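Structural overview
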Amino acid sequence: MSYAQECSYTFLGELKDFHDNTPIVGATIFMQNLNRYTTSDFDGKFKIENLCTGELTLVISHVGCETKTLTYSIEGDIFKRISLEHHIEELDEVSLKSNERKTTNTAQESVIKADVLKQYSILSLGDALKEVPGVSSINTGNAIVKPMINGLHSSRLLILNNNVRLQDQEWGIEHAPNIDINSANNISVIKGAAALAVGGDAVGGVVVINPNRVIRIDTLYGKTTVSGQTNGKGFGITSSLNKGFGSGWFVSVQGTLKQNGDFKSPDYYLTNTGLKSNSFTVSAGRKNFERGFEVFYSYINNEIGILRSSHIGNISDLINAINSQQPLVTDDFSYDINAPKQDVTHHLAKALYYQRFKNFGKLNLQYDYQNNQRFEFDIRVGDDRNKAALDLNLQTHTITADLNLDANLQYKINVGVMGRYQDNFANPDTGVRRLIPDYEKFDFGTYITTEWIVNDKTTIDAGVRYDYNKIDAKKFYRTSRWEERGYDEDFSDIVIEDLGTQLLTNPVFTYHNFSASAGLKYQLDDNNTILGNYALSSRPPNPSELFSDGLHHSAARVELGDLRLEQEISNRISATYNLNTSNFNLVVDLFYNRINDFMYLRPSGIEQTIRGAFPVWEYQKTDAELYGIDISSNYKFNDNIAWRHTSSYTKGNDIKAGIDLIDIPAFNTNNTITFTKEEWRSFKASLKSEWVFEQTQFPDFNFETFIATTQEDVLVDISTPPSAFHLLHFYSEVTLPLNEKNNLNIALSINNIFNTSYRAYLNRLRYFADDLGRNIMLQLQLNY
């Protein structure tokens, strides 16, 4: 006697939005092993009848949702509540438009996309950031390029690399960011301190470097770029490979090798300006909507030559260099990198875990570790010939927790906490008085930010942040310096040992910092938008501003910090107008930044050392204001011809002294005409005009010194800016399809087409040599 299988069971399902628990209407439910379909009703419910004992596999899909595949064991009637994320596009989890994504809503933010970044493969991060109006750089030669936003740089700019705040002795004006630009997929530049989740001390702004987004499909893709340039006879190769799986697993690797020899001005070689750089990044993990994790590691080593003629033995050498029309040392071309030079290695490791909670939000937990080893080599003789004059090791541990409450997409709240520990070791075996001491630093921060979408036209955001900073240092002072600075009266309690000619001290400082921001975005109509933002930021003094004490060999000057410095407070107001039509785009950024107790380095005299007389630069504080305007516009004449214009003007005032601020960029304007023809293998060619005006608003810090060899007083002109200059640049590219999936992009560019001689005001080596001459670059990029 046989029995037929009972097929009378019923499956009841209810589809809810994971995000806000609302019903999902009209979803398609495919019964994979039955080859049948049904849909969810107005309440998000569906019914499947006449099921047999066994497994039931459902593939559930809906417009705007991530498709979900689920398997159930049927042994009787069953009811299941199933969650889908209906707002996946808004949350930008799988959107392929990541190049468009911005970090903020109401701040002045610009995004540099991958197709622009590839033009700078053999150059630096600082070079690429100048694509954004209002962003310039302060250089030490042409290989050390430090970004500047609206006249502010170094510790006033925060740089995030894959959501890790870079800690690489950024206080040094001649310390370039340890970033390989080839590891970036896009870069966001945020002017001012509106991104409170990043930090409250971004008086100047934030640079956010984003890697490739993880795409949850089975894919394997990559690219290899080979570059060469005539100036410096440089070459570079970078390659990346990305593997993704539909299950969310991923792995990515990327590496770069670069080398340049001595660069060349229009008339002579810039001796000892070579560069060797190698870097490597790897990331892996699993990312799904509800939870995921990532591990990330990056390594970079840069060996950078410093112009040989910039190494001065004393003040007389500086005078001779300023008065000379060309460098005092000009040798033949070489790839050799000798002293003076820098050798910097940076390691960064990160582990991230996140999880979403139904009808609540998303929790992110992250730990990162950084190790920055900096060697600076002076020209020395004897047994110390190959010994670094500065040997600093900075280790940083950071833990962050971030909770994004986004169940209501119209009103989001983000709260977070951060803890950080730093240990700086200044090696005493250099044989040179340590410029920066050993110290430990402890940071704690917490913040809350909100975003309110009032209606289709209006968005408001606001936030507050508190940071606690403690620095605990051990530092030797010469007794004469201690008394000269008046520390014997103000800081006698921090002396822990008196060694006669010097004192061992234990400075311990704590700072309480409050920051806030509020902004409005209002869409006037389909084409016109205005933004307004206020940001309050508080920045404590960095180790250099507090503790610098001695001859900074790579800068050829005596630098003095001040233990009395307190945190500087910035109040920044900004407004933006954005016009966007089918063929014309205009962005106008206005800003005013009042900074109380603004800390800066200024010349204050001359000091005799065993090597001779050197200028003394001293950290001082004042009240300052910076204001200006940045303009960007694009116009398409037709499908083939387009024009781009950018202009920037920044004014800086020392309010207390009634003088101009030092190192403020001059007015500059750029115009680019571009011709494109998609039918010609995606051909593109552009001609760019770069015009930098002479900086006529600068402080007069010139001084006189007595030259013993000539028995006369001589004026040392370290203040007068160089003349204005105008450069023309050319860029072209074409893309050749190799097969359905692979193509080869070939790019040719010429910088400084007419080999113009010039000196830039914000190049610290302008006293010693002209800037770069013509540079022809050829780049081959294989995409696969």
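Residues numbered from 1 in each chain as written. Predicted model: local features only at pLDDT ≥ 70, side-chain atom pairs only at ≥ 80, totals over all residues. Heavy atoms only, no water.

With that settled, consider the overall build of the protein chain. Helix and strand content of the protein chain: six helices and 46 strands. Taking 784 residues into account, the globule formula puts the C-alpha radius of gyration at 28 Å, and the protein chain, at 29 Å, falls close to it. Judged by the C-alpha coordinates and their principal axes, the protein chain covers about 125 × 65 × 55 Å. Going through the 784 residues of the protein chain one by one, you find that 54% of them count as buried. (Helix = DSSP H or I, 4+ residues; strand = E, 2+ residues; numbered from the N terminus. Rg over C-alpha atoms; globule rule 2.2 N^0.38 Å. Buried < 20%, exposed > 50% of the residue type's maximum accessible area, 1.4 Å probe, protein only.)

To continue, consider the sheet that holds strand β10 (residues 144-149). On the basis of which strands lie adjacent, the open sheet formed by three strands has the order β9-β10-β11 and antiparallel pairing. Looking at which strands have only one partner, the edges of the open sheet turn out to be β9 (135-140) and β11 (152-153). (Pairing = 2+ DSSP bridges.)

Bringing the pairing of strand β27 (residues 438-453) into the picture now. Summarising the sheet, strand β26 (residues 411-426) and β27 pair through 14 bridges and their orientation is antiparallel. From the neighbouring strand, glycine 416 faces β27, where its bridge partner is tyrosine 447. Strand direction decides the pairing type here: β27 and strand β28 (residues 458-478), joined by 16 bridges, are antiparallel. Bridging from a neighbouring strand, threonine 450 pairs with alanine 462 of β28. Counting the residues in the hairpin turn of β27 and β28 gives four residues.

What follows deals with a nonpolar patch on the surface. A cluster of nonpolar side chains, contributed by Val226, Ile237, Leu257, Leu748, Ile776, Leu778 and Leu780, occupies part of the molecular surface with about 550 Å² of accessible area. With three residues, the single largest contributor to the nonpolar patch is strand β46 (residues 775-783). Following the sequence through the fold, isoleucine 776 ends up in strand β46. (Patch = residues over 30% accessible without salt bridge, like charges linked within 9 Å, V, L, I, M, F, W, Y side chains within 5 Å. Areas by Shrake-Rupley, 256 points an atom, 1.4 Å probe, with all protein chains shown as cover. Salt bridge = Lys/Arg side-chain N within 4 Å of Asp/Glu carboxyl O.)

Bringing unusual backbone geometry into the picture now. Cis geometry marks the peptide bond from alanine 339 to proline 340, where omega comes out at 0°. With respect to the helices and strands, the residue proline 340 is situated in the loop between α3 (315-323) and β23 (341-357). With a phi close to 50°, asparagine 150 is a non-glycine residue in the positive phi region. Note that asparagine 150 resides in the loop between β10 and β11. One non-glycine residue with positive phi stands out, namely asparagine 359, at about 55°. You can see asparagine 359 is positioned in the loop between β23 and β24 (361-377). Among the residues examined, asparagine 359 registers a relative accessible area of 40% and is labelled partly exposed.

Okay, the packing of aromatic side chains next. This structure, assessed with the given rule, holds 27 aromatic pairs. For the ring pair tyrosine 592 and tyrosine 627, a centre distance of 6.4 Å and an interplane angle of 20° mean the geometry is stacked. With tyrosine 592 in strand β36 (residues 584-609) and tyrosine 627 in strand β37 (residues 612-636), this residue pair connects regions lying 35 residues apart in the sequence. By relative accessible area, tyrosine 592 is classed as partly exposed at 32%. Taking the centre distance of 6.1 Å and the plane angle of 85° together, the rings of tyrosine 767 and phenylalanine 768 count as edge-to-face. Classification of phenylalanine 768 by relative accessible area gives buried; the value is 7%. Of the aromatic side chains, those joined through ring pairs into one cluster are Tyr477, Trp482, Tyr487, Phe491 and Phe509. (Phe/Tyr/Trp six-rings, centres within 6.5 Å; stacked < 30°, edge-to-face > 60°.)

Looking now at the pattern of salt bridges. Using the criterion set out here, one finds 33 salt bridges in the structure. We note a salt bridge from aspartate 549 to arginine 481, for which the minimum N-O separation is 3.1 Å. Taken together, the positions of aspartate 549 in strand β33 (residues 549-552) and arginine 481 in helix α4 (residues 479-484) put the pair 68 residues apart, joining distant regions of the chain. Given the relative accessible area of 2%, aspartate 549 is considered buried. According to the relative accessible area criterion, arginine 481 is buried, its value standing at 2%. Connected through salt bridges with shared partners, the residues Arg156, Arg539, Glu545 and Glu568 form a single ionic network.

Now for the nonpolar core. In this structure, Leu270, Leu318, Phe598, Leu626, Val716, Ile718 and Phe768 are the most contacted members of the largest nonpolar core, which totals 46 residues. Taken together, the elements giving at least two residues each to this core come down to α3, β34 (557-560), β36, β37, β42 (703-707) and β43 (712-716). With residues up to four places along the chain from it excluded, the contact list for isoleucine 718 reads Leu318, Ile322, Pro603, Trp617, Phe701, Asn702, Phe703, Arg766 and Tyr767. (Core = buried A, V, L, I, M, F, W, Y, C linked by side-chain atoms within 4.5 Å. Contact = heavy atoms within 4.5 Å.)

Two pairing modes exist for strands in a sheet, parallel and antiparallel, and in both the strands are linked by backbone hydrogen bonds. Strand order across the open sheet formed by four strands is β3-β2-β5-β6, with antiparallel pairing between neighbours. In the strand order of this sheet, the two ends are held by β3 (36-39) and β6 (68-74), each with one partner. In this sheet, adjacent strand axes meet at a mean angle of 25° when their direction is disregarded. Bridge analysis of strand β2 (residues 28-31) against β3 gives four bridges, and the strand direction is antiparallel. (Axes fitted to C-alpha atoms, helices over the stretch in contact; angles between N-to-C directions.)

Evaluation of the coordinates by the stated rule reveals one disulfide. Between the sulfur of cysteine 7 and that of cysteine 52 lies a disulfide, 1.8 Å long from S to S. Measuring the twist about the S-S bond at about 100°, one finds the cysteine 7-cysteine 52 disulfide to be right-handed. Separated by 45 residues along the polypeptide, cysteine 7 in the segment before β1 (9-17) and cysteine 52 in the loop between β4 (45-51) and β5 (54-61) bring together distant segments of the chain. (Disulfide = S-S within 2.5 Å.)

Let us now look at the pairing of β10. With six of six residues buried, β10 is to be regarded as a mostly interior element. The alternating pattern of β10 places Ile144, Lys146 and Met148 on one face and Val145, Pro147 and Ile149 on the opposite face, and all of these are buried. Relative to β10, β9 runs antiparallel, the two being bridged by six bridges. Directly across from threonine 140, in β10, lies its bridge partner isoleucine 144. Counted between consecutive antiparallel strands, the loop separating β9 from β10 contains three residues, among which glycine 141 sits at a positive phi close to 80°. Pairing of β10 with β11 involves two bridges; the strand directions are antiparallel. Along β11, the bridge assignment pairs methionine 148 with histidine 153. In this antiparallel pair of consecutive strands, β10 and β11, the connection spans two residues, and asparagine 150 shows a positive phi of 50°.

Relative to the assigned elements, glutamate 451 resides in strand β27. This buried residue, glutamate 451, is left without a salt bridge; lysine 412 holds the nearest opposite charge, at 4.6 Å. Within polar-contact distance, the side chain of glutamate 451 engages the side chain of asparagine 105 at 3.0 Å. Excluding its chain neighbours within four sequence positions, the residues that come into contact with glutamate 451 are Asn105, Gln410, Tyr411, Lys412, Thr459, Ile460 and Asp461. (Lys, Arg positive; Asp, Glu negative; His and termini not counted. Polar contact = N/O pair within 3.5 Å; in protein donor to acceptor, adjacent residues only side chain to side chain.)

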